[in-house]
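Geometric and topological summary
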Amino acid sequence: MPAATVVLPWRPASSRIAAFESVIAWYARQLPELRVLTLDSPDPVFNLALCRNLAVAAQADPDDVVVLGDADTLPEPEPLRQAIAAARTSGLVHLPYTAYHWLGAAGSAQFAAGVAPDRCDHELVRGACSGVYVTTRRTWERHGGQDPRFRGWGYEDAAWNLAHTTILGAAPQRHEGRVYALHHVAETRAGTLFDANAALMRRYEAASGDAAAMASLVSER
């Protein structure tokens, strides 16, 4: 059996294919012991939170480890292996990085040309809490996972981080290392869906630190 299953939420988009193919090749080359799957939800709008919930719910054993990876993000092997080993029993979700490097167009082109990702041009994204999660179904269910009411793009990661910290009493556990986010055309963060996401995020911010209020908000799903 593999040490963990990697699930990449994925709905094909032309600007994202190159990054997706790089991620698949990275796991095969750097982390060959892991099984890698893709998953989409039935929502007509791409719903990253729902995809992640479905991926976790599909784990037969509540203590099996699942890696929820973004289809544009490369994790360093050793921090990810450490996170997988710890996630089985810690009761927390693990982030296999302390630094999130967004490579952008220039850094992604360097990576595609064979430059090691840690030597590529990048922007350091401070406070990042997305990209790669490591969890079990038991842990994910204890704090409600992610909120599928965040549809389209924006805020699902930040809201989840607040829910995890408030309900479980601790922030997601990080492991020293880096992840590398590859370039693609940025999604539009405007319009009706984005406004609804922003309004829901304000409710998460209001409930932050109040376990009863956060549990009530999560239970609305």
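Given the structure is predicted, the values throughout are model-derived calculations rather than measurements.

We now examine the pairing of strand β10 (residues 178-182). For a regular strand, the rule is simple: side chains alternate between the two faces of the sheet. Counting buried positions along β10 gives 4 out of 5 residues, so the element sits mostly inside the fold. In this structure, strand β4 (residues 73-75) lies alongside β10, joined through 3 bridges in antiparallel fashion. Bridging from a neighbouring strand, Leu74 pairs with Tyr180 of β10. Pairing of strand β6 (residues 99-103) with β10, which is carried by 4 bridges, proceeds in the parallel orientation. Residue pairing for β10: Trp102 is matched across the bridge by Ala181.

For the structure on display, the rule yields 9 aromatic pairs. For the ring pair Tyr155 and Phe194, a centre distance of 5.4 Å and an interplane angle of 35° mean the geometry is tilted. On the criterion of sequence distance, the pair formed by Tyr155 in the loop between α5 (137-142) and α6 (156-168) and Phe194 in helix α7 (residues 192-207) is long-range, its members being 39 residues apart. Residue classification places Tyr155 among the partly exposed residues on the basis of a relative accessible area of 31%. Ring pairing ties together the aromatic residues Tyr133, Trp140 and Trp160, which thus form one cluster.

Strand order in the open sheet formed by 4 strands is β4-β10-β6-β7, with mixed pairing between adjacent strands. The open sheet has two edge strands with one neighbour each: β4 and β7 (123-124). Strands in contact with helix α4 (residues 104-112) are β4, β6 and β10; relative to β6, the strand with the most contacts, it is inclined by about 90°.

Below, the discussion takes up the pairing of strand β2 (residues 35-39). Bridge count for strand β1 (residues 5-9) against β2 is 5 bridges, and the pairing is parallel. Paired with Val7 across the bridge in β2 is Leu37. In this fold, β1 hands off to helix α1 (residues 17-30), which returns the chain to β2; that crossover is right-handed.

Our focus in this paragraph is helix α2 (residues 48-57). Most of α2 sits inside the fold, with 7 of its 10 residues counted as buried. Turning to α2, its buried residues number three or more, namely Leu48, Ala49, Cys51, Arg52, Asn53, Ala55 and Val56. Those residues of α2 hidden inside the fold are in contact with β1, β2, β3 (65-69), β8 (132-136), α5 and α6.

With 16 residues, α7 ought to run about 22 Å at 1.5 Å a step, and its terminal C-alpha atoms sit 23 Å apart, in line with that. Taken together, the buried positions of α7 are occupied by Phe194, Asn197, Ala198, Leu200, Met201, Tyr204 and Ala207. On its buried side, α7 packs onto α6 and α8 (211-219). Positive phi appears at Gly209, one or two residues downstream of α7, with a value of about 90°.

Scoring rules and cut-offs
- Residues numbered from 1 in each chain as written.
- Predicted model: local features only at pLDDT ≥ 70, side-chain atom pairs only at ≥ 80, totals over all residues.
- Heavy atoms only, no water.
- Buried < 20%, exposed > 50% of the residue type's maximum accessible area, 1.4 Å probe, protein only.
- Helix = DSSP H or I, 4+ residues; strand = E, 2+ residues; numbered from the N terminus.
- Pairing = 2+ DSSP bridges.
- Phe/Tyr/Trp six-rings, centres within 6.5 Å; stacked < 30°, edge-to-face > 60°.
- Contact = heavy atoms within 4.5 Å.
- Axes fitted to C-alpha atoms, helices over the stretch in contact; angles between N-to-C directions.
- Right-handed = clockwise from strand over helix to strand, strands pointing away.
- Expected span 1.5 Å × (residues − 1).

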